Amino acid sequence: MNAAAHKPFDVVVMGEILVEVATDLPFAHGVPAQLGISGDALNVAAAAAAAGARVGLLSVLTDDDLGQAIAARVAELGISTDLLLHRRGQQGVYLVHSDPDGEREFSYARSGSVGSTLGPDDVDPAVFTAAGAVVAGGIASAISTTARAAVVKAASLAQRFVFDPNFRPRLTTKEEATAVLAELAPQAFLVTPSFPGETSALLGASTPQEAAAGLRAQGTANVAVTCGAEGIQLESGQDPVWVPAIPAPAVVDQTGAGDAFVGTLTARLVLGDDFQAAARYGAAASSLVVGGKGGTGFIPTFEQTRAHAAASAHSVEGEVSSHA
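These lines cover the structure that appears in this document, whether it is placed above or below.

Procedures and definitions
Here, residues in each chain are numbered from 1, in the same order as that chain's written sequence. For this predicted model, a pLDDT threshold of at least 70 governs which residues receive local features, and a threshold of 80 or more governs which side-chain atom pairs are given and counted, while totals over whole chains, interfaces and linings are taken from all residues. Excluded from the side-chain calculations are hydrogens and water; all other atoms, namely the structure's heavy atoms, are used. Each helix corresponds to a stretch of at least 4 residues labelled H or I by DSSP, and each strand to a stretch of at least 2 residues labelled E; elements are numbered beginning at the N terminus. To estimate how far a helix should reach, multiply one less than its number of residues by 1.5 Å. Throughout this description, buried means an accessible area under 20% of the type-specific maximum (1.4 Å probe, protein chains only), exposed means over 50%, and partly exposed covers the range between. It is the directions from the helix axis to the C-beta atoms whose arc is reported. Contacts are assigned to residue pairs with any non-hydrogen atoms lying within 4.5 Å of each other. Under this definition, polar contacts are N or O atom pairs within 3.5 Å; protein pairs additionally need one hydrogen-donor-capable and one acceptor-capable atom, and for neighbouring residues in sequence, both atoms have to be side-chain atoms. Definition used for salt bridges: Asp or Glu carboxyl oxygen within 4 Å of a side-chain nitrogen of Lys or Arg.

## Focus: helix α2 (residues 65-76)
- Between its terminal C-alpha atoms α2 stretches 16 Å, which fits the 16 Å expected from twelve residues at 1.5 Å a residue.
- Within α2 the residues assigned to the buried category are Gly67, Ile70, Ala71 and Val74. Down the axis of α2, the sector holding all buried residues measures 100 degrees, keeping them to one side. Of the exposed residues in α2, those oriented more than 90 degrees away from the buried face are Asp65 and Glu76.
- Buried residues along α2 sit against β2 (18-23), β3 (34-38), α1 (40-50), β4 (55-58), β5 (60-62) and β6 (85-87).
- The N-cap of α2, judged by a side-chain oxygen 3.1 Å from the amide nitrogen of Leu66 a few residues on, is Asp64.
- Within two residues after α2, Gly78 carries a phi angle of roughly 85 degrees, on the positive side.

## Some words on the pattern of salt bridges
- Throughout the structure, instances matching the rule amount to six salt bridges.
- Across the pair Glu176 and Arg148 runs a salt bridge whose closest N-O atoms are separated by 2.9 Å. Here Glu176, found in helix α6 (residues 174-184), pairs with Arg148, found in helix α5 (residues 145-157); they are 28 residues apart in sequence, far enough to count as distant.
- Arg148 is the partner of Glu183 in a salt bridge, and the nearest nitrogen-oxygen pair spans 3.3 Å. Taken together, the residues span a long stretch of sequence, with Glu183 in helix α6 and Arg148 in helix α5 at a distance of 35 residues.
- Among the residues examined, Glu183 registers a relative accessible area of 35% and is labelled partly exposed.

Structure below.
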């Protein structure tokens, strides 16, 4: 990597980039589909870059035309390509069917992918210690033992380590995912579990407040428990804060909504916003990305995100005053 000689990144994201094959129809021979580039790491990085951060993405791509096309998409999204690695192998792929409400059904072909060759030797201490924040997730930790070791190394180096549990039962067991979270939570600046699925499975928590308190007890500095269309529970050692969800103007595809929240939240924290303001921007970005098809089909600019958050705040204030 040659990024060590450059200005430090605000945010470094690590994980696997996937080729996305998406259709609106049930899976069947001959149905039309759209090719895209996605994966949680790319979605997070794209959101962080759109939120104003200088972003690097550590991922392994194939050393062929497909790998070059993916790298071009990374650059197109405003993400530095300095940390991308190219190796011989096969790119991970997923097929997704979305119904009119944006609900998704996935089928993955990623076992033994080139992305899963990510390892601790790929984590450059000079890059990771200098970054404002490092983001990794449960998916990167689950795709291989070497990728998990890379995430653990990154956590030990980072000034601010952000971990999204992103529990996927098709990739890992509940026991393994719980063990990864328990190992990384004490080192984390921020953990972003989802309620109720992840908080119940990995923390045994029945409420967002219980989940946040449990992670804080393990040593996590800040917790943002995402509660879908309801909102986000924030805990940072001060008074807990509830951030209401922001309604989506349009729902086309829910892919990447959680990733947009994590990327935007992380970027805005590094850039100086307080926890509550950063989380609100994350909620706004998350509600906008579902208007596009695919994980990076629509990435709002920060101006769009800020305007959407402000409009929602005014709407809430108007409702409150009209009922006063």
